[in-house]
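# Secondary and tertiary structure notes
The chain contents come next:
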Amino acid sequence: MALAFERQRSSMVVPSRTLERSKAQNYLKKAGELYLDMLEARRSGRFNSAVISAVHCGISSSDAYTVYVGAIRSASKDHSDAVRLLSSMGTEAARMSEHLRSLLEVKNAAEYQDRLFKANEAEVAVKHAERLYKRVVARISDK
């Protein structure tokens, strides 16, 4: 897995790794497990866990898509680069990237800050993750 610096968008370079396209299924499996964890956490009233699982479901879904479509995933420590990489992969991916962007906006608070998430905030995160995950599944499952 050589480090590649590819995918330019608005004259910005996204550090990325080239992967075999078949690895997309691994990221999709991770996303699916996180999706189920997210739904269970929401159902059980564990709203912080639901948000964290939603964020990571979104990240894994995005990785699955970019690996499937472009044999590439972001290697940047800046998650906004993952949003840019995903959005560079066509109109459908640009729409998906908005869900990822919304999830990443709450990542820091969910994982590192002392504030707790409420039911309505978890619901928003779950909806974004669900929409992203289901679009990715529809595009790459069993293909």
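Owing to the predicted nature of the structure, the values given are computational and were not obtained by experimental measurement. (Residues numbered from 1 in each chain as written. Predicted model: local features only at pLDDT ≥ 70, side-chain atom pairs only at ≥ 80, totals over all residues. Heavy atoms only, no water.)

### Quick word on the overall build of the chain
When you go through the chain residue by residue, the secondary structure sums to five helices and three strands. Relative to the globule expectation of 15 Å for 143 residues, the C-alpha radius of gyration of the chain, 15 Å, shows essentially globular dimensions. The principal-axis extents of the C-alpha atoms in the chain amount to approximately 40 × 35 × 25 Å. Across the chain, the fraction of contacts at a sequence separation of at least 24, relative to all contacts at a separation of at least 6, is 66%. Carbon and sulfur atoms make up 49% of the accessible area of the chain, which totals about 7,700 Å². In the chain, 24 positive and 17 negative side-chain charges are present, and the distance between their average locations comes to 3 Å. (Helix = DSSP H or I, 4+ residues; strand = E, 2+ residues; numbered from the N terminus. Rg over C-alpha atoms; globule rule 2.2 N^0.38 Å. Contact = heavy atoms within 4.5 Å. Areas by Shrake-Rupley, 256 points an atom, 1.4 Å probe, with all protein chains shown as cover. Lys, Arg positive; Asp, Glu negative; His and termini not counted. Charge placed at Lys NZ, Arg CZ, Asp CG, Glu CD.)

### A short note on the pattern of salt bridges
According to the stated counting rule, one finds nine salt bridges in the structure shown. With a closest N to O distance of 3.4 Å, D63 and R73 form a salt bridge. On the criterion of sequence distance, the pair formed by D63 in helix α2 (residues 47-70) and R73 in strand β3 (residues 72-74) is long-range, its members being 10 residues apart. Judged by relative accessible area, which is 7%, D63 ranks as buried. (Salt bridge = Lys/Arg side-chain N within 4 Å of Asp/Glu carboxyl O. Buried < 20%, exposed > 50% of the residue type's maximum accessible area, 1.4 Å probe, protein only.)

### Some remarks on the environment of V126
With respect to the helices, strands and loops of the structure, V126 is situated in helix α5 (residues 119-140). Linking V126 and K77, residues 49 residues apart in sequence, is a C-alpha distance of 24 Å. Here V126 is in contact with M38, L39, R42, A50 and A54, once residues within four sequence places are set aside.

### Digging into the packing of aromatic side chains
Each aromatic ring pair is specified by the distance between its two centres and by the angle formed by the two planes. As enumerated under the stated definition, the model contains one aromatic pair in all. Taking the ring centre of Y68 as reference, the NZ or CZ of R21 above it sits at 3.9 Å. (Phe/Tyr/Trp six-rings, centres within 6.5 Å; stacked < 30°, edge-to-face > 60°. Lys NZ or Arg CZ within 6 Å of the ring centre and 35° of its normal.)

### Section: empty space enclosed by the protein
Evaluation of the coordinates by the stated rule reveals one cavity of 30 Å³ or more. Its boundaries defined by the atoms lining it, the largest cavity holds a volume of some 30 Å³. Those elements that provide at least two residues to the lining of the largest cavity are α2, α3 (79-87) and α4 (91-112). Of all the elements, α2 adds the most residues to the lining of the largest cavity, at three residues. Split by residue class, the lining of the largest cavity holds four nonpolar, two polar and one charged. (1 Å grid on protein atoms, 1.4 Å probe; cavity = no way out; pocket = protein on both sides within 12 Å on 5 of 7 lines; lining within 4 Å. Points joined across faces, edges and corners; volume = space filled by probe spheres on them. Nonpolar A, V, L, I, M, F, W, Y, C, P; charged D, E, K, R; others polar.)

### Quick look at the packing of α2 against α5
For any two helices packed against each other, one specifies the inter-axial angle together with the distance between the axes. With their axes 8 Å apart at the nearest point, α2 and α5 run at an angle of 20° to one another. Taken together, α2 and α5 sit at an angle that is classed as roughly parallel. At the point where α2 passes α5, the crossing takes the left-handed sense. Together, F47, A50, V51, A54, C57, G58, S61, A64, Y65, Y68 and V69 of α2 and A119, E121, A122, A125, V126, A129, L132, Y133, V136, R139 and I140 of α5 make up the contact between the two elements. Partitioned by chemical class, the residues of the contact of α2 with α5 number 18 nonpolar, two polar and two charged. (Axes fitted to C-alpha atoms, helices over the stretch in contact; angles between N-to-C directions. Parallel < 35°, antiparallel > 145°, perpendicular 65-115°, else oblique. Left-handed = near helix turned anticlockwise from the far one by under 90°.)

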